[in-house]
Each structure stands twice: as C-alpha cells, then as structure tokens.
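Survey of secondary and tertiary structure
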Amino acid sequence: YAGINVLCGVGILSTPYAIKQGGWLGLVILVVFALLAWYTGVLLRRCLDSKEGLQTYPDIGHAAFGTTGRIAISIILYVELYACCIEYLILESDNLSKLFPNVHLSIGGLTINSHVFFAILTTLVVMPTTWLRDLTCLSYISAGGVVASILVVICLCWIGVVDHVGFENKGTALNLPGIPIAIGLYGYCYSGHGVFPNIYSSLKNRNQFPSILFTCIGFSTILFTAAAVMGYKMFGEATESQFTLNLPENLVVSKIAVWATVANPITKYALTITPLAMSLEELLPRSQQKYSNIILLRSALVVSTLIIALSVPFFALVMALIGSLFAMLVTYILPCACFLAILKAKATWYQTATCSFIIAVGVTCACVGTYSSLSGIVQNYAT
C-alpha cells in the first residue's frame, strides 16, 4: 500500500498530456519504464542484502562508492524532493485558480491575480505543517493519495460516459518532436525508488518484496494508462498539462476531481520537504539548533519553493524536467550503477549486460528529456 501511495501522485494528471506530446505509441515508453522500474527495484533489494546494516538509498551509495556516493545520492534525493514541493505549489495554483478564476487581491497599486494569490495562500497553509515534529498524522492522511488518484480517474471516466463528453478524439500515432517531453512525464510516474529501500527494510517477510513491488507498479501503471487514454480521447489536442484543467466547470463531478487533486499535495508537502529540512538543520551549530531557529529555517525553505514556483509556473515542463533528470538517475541509472559496483563479482553476464543497457537508456533519456524541458521553459519565458 505504501508503494502505491508513493507512485500514485500528481504524475497521473499529466499522462493524457504525455500522449498529446508523444502520440499513442508513446504509451510503449510508459510500459517499458514500468518494467525497468520493477527490475531496478529488485536490484536495490540485492544491494541491501549484500551487506549487514544497509537500510536506505544513501547506505547503498556508500557501499557502492564510499562517502562520495552517499553524499551524491543524498543530494540528488533531496533536490528531487525539493523540486516535487515546487511542483505541488504550481499544481495548487493552477487548479484553485480554475475553481475561483475571478479571485484577486489589490494592495495599493499592485494587483495579485488568482494564480499568484493561490500559490501564496497554499504556501501559508502548508507552512505550519512543516513545523511539526511528529508527522505521523500527516502520513496517515497522505496515504489517502491512493484513494484520491483512483477517485480522479473514476471522475474522469464518469464525465466521459455518464455526462456524455465522449471519447471521440483520435490523435496521432507518433509525434517524434514531443517524445522527449513525454519521456520526462512518463519517467516522473515512477520516481518512488528513493523510498523503496525503506519500505523493503520495514517488511516482515522480505522475500515477498519482488511480488509486492510488481503489484504496486502494475496497479499504478493501469491507473496511469487509464487516465492517459480516457483524458486524451476526451480532449484531444486541447489537452492541458493537467487533465483537471480540461474538465467542464459546470459539473459536480469535475469539482470533486479538482478538490481531490488539490487536497492531495497539501498533505504530502510537509512529508516531502522534511527530510531536506532535517539535513539542513544538522548543518547548524549545536547551540543554534533551537526550535525557533528550526521554524525559521523551514519557513525560509518553504518560501524559497514559492519563489521558484512563481518564477517557473509551467507544470508539465517542470514535471518533465524532474522526470527526465532526477527520476532517470534515482530510478534507472543509480540502481544499476550501485549493483554493478557492489555485486559485479557475483553478477551474471546477463545481469551485467542488462544493467549496462538500462544505464545507457537512462542517460540518453536524461540528456534528451532535460534539454527539451529546459528549452521549453526558455521558450515559454521568451513568449
């Protein structure tokens, strides 16, 4: 259940847009990524079992490449978490401004539009949750993310079938120029590997991990595919970066879908930012590690995500960038690299060849996808 909760996040909202970018054949990428994600998840398990005391992803990095490996993997994981928090704020701003498009705030001669207003409001709402020492309550609430994702897909199906929006759009089979963005969006869907070692370490029967992982990834892939196909068939070339932005505003089911989407990131924000916050707190001198200073540090961290979210308000492009760069590293490249470094002497020729192939695919996707995402962000600024 925890594995599904990790995977079924905001990535599902952009799967129809990924088809718009890459065409129907781009769905093959989603399936391939799912299979490779399962395989690399099993490789992480092999790494954890290679030595006593390994429990986390940074532990695996240390076993593979020493202190440098631990530091590098920790930085990558923390930056990925930070980028996800930025994405949460962009998502909240987009969806709340859809619900309340006329909301604005005038201060003197300055007028704040609905997008900026709701980004600031969301920041003010989530900030106190980041001050909590015990996040157990939020972790239980955020587990509702699975329910929210299923609910959103059900609402999408309901609007298409019951409310007669229909599934008439045919689309294109393949759109090569959009494939790099589609790669990033599909890659984002499988960016849960940073947590998989912790899940494995907490299992009572660890031999079940491969089957549990397969079930989690399989179920999530079915949800991603269902949302992608229905969303694109309904909205075609008009598909927005989040399909919730396409839903008819006058329908009750649309409002349910949007509110389910809005509620999910608010509960996950604190859980996502806390590991990074705790690592920064450890850098403070012991005399300065007071609760008041910790609140200031965490508040500054939250405000920094707001500033970047307002500076780069391009949901799909930011998601594609995270998926292309960080997901490729954490999900595909690093598990294979660590496996080869730790267990190369015991690995079969087939495992070595497979890992080398996955690393080559991951590096290629990372380079192509990151370049396209950054180019898209620059072009959006230019226009």
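Note: the structure precedes this text.
Everything in this summary refers to the structure shown in the same document. (Residues numbered from 1 in each chain as written. Predicted model: local features only at pLDDT ≥ 70, side-chain atom pairs only at ≥ 80, totals over all residues. Heavy atoms only, no water.)

Another aspect to go through is the pattern of salt bridges. The tally for this structure, following the rule as stated, stands at three salt bridges. Residue aspartate 49 pairs with arginine 45 through a salt bridge whose shortest N-O separation is 3.6 Å. One end of the pair, aspartate 49, and the other, arginine 45, are both in helix H3 (residues 27-50), four residues apart, so they sit about a helical turn from each other. Aspartate 49 gets classed as partly exposed once you look at its relative accessible area, which sits at 42%. (Salt bridge = Lys/Arg side-chain N within 4 Å of Asp/Glu carboxyl O. Helix = DSSP H or I, 4+ residues; strand = E, 2+ residues; numbered from the N terminus. Buried < 20%, exposed > 50% of the residue type's maximum accessible area, 1.4 Å probe, protein only.)

This next bit is on the packing of aromatic side chains. Summed over the entire model, instances satisfying the criterion amount to ten aromatic pairs. Here the aromatic rings of tryptophan 349 and tyrosine 350 are separated by 6.2 Å at their centres, their planes lie at 85°, and the arrangement is edge-to-face. Every member of this aromatic cluster is reached through a ring pair, and the members are Phe100, Phe117, Phe118 and Trp259. Over the ring of tyrosine 200 we find arginine 206; its NZ or CZ atom is 5.1 Å from the centre of that ring. (Phe/Tyr/Trp six-rings, centres within 6.5 Å; stacked < 30°, edge-to-face > 60°. Lys NZ or Arg CZ within 6 Å of the ring centre and 35° of its normal.)

Right, let's get into the nonpolar core. Among the nonpolar cores identified, the biggest contains 113 residues, and Phe33, Tyr186 and Tyr190 are the most heavily contacted of them. Here this core takes 19 residues from helix H13 (residues 315-343), the largest share from any one element. (Core = buried A, V, L, I, M, F, W, Y, C linked by side-chain atoms within 4.5 Å.)

Applying the stated criterion to the full structure yields two cavities of 30 Å³ or more. Within this model, the largest cavity holds a volume of roughly 70 Å³. Along the walls of the largest cavity sit Gly9, Val10, Ile12, Leu13, Ala148, Ser149, Val152, Ala260, Thr261 and Asn264, which together make up its complete lining. Put simply, the parts of the chain that give the lining of the largest cavity at least two residues each are helix H7 (145-161) and helix H11 (252-281). For the lining of the largest cavity, the residue count by class is six nonpolar, four polar and no charged. (1 Å grid on protein atoms, 1.4 Å probe; cavity = no way out; pocket = protein on both sides within 12 Å on 5 of 7 lines; lining within 4 Å. Points joined across faces, edges and corners; volume = space filled by probe spheres on them. Nonpolar A, V, L, I, M, F, W, Y, C, P; charged D, E, K, R; others polar.)

This brings us to the packing of helix H4 (residues 57-99) against H11. At a minimum axis distance of 9 Å, the contact between H4 and H11 shows a crossing angle of 155°. Between H4 and H11, the angle is such that the two are roughly antiparallel. Along this stretch, H4 crosses H11, giving a crossing that reads as left-handed. Counted by class, the contact of H4 with H11 contains 19 nonpolar, four polar and four charged residues. (Axes fitted to C-alpha atoms, helices over the stretch in contact; angles between N-to-C directions. Parallel < 35°, antiparallel > 145°, perpendicular 65-115°, else oblique. Left-handed = near helix turned anticlockwise from the far one by under 90°.)

That's the geometry; what it means functionally is another story.
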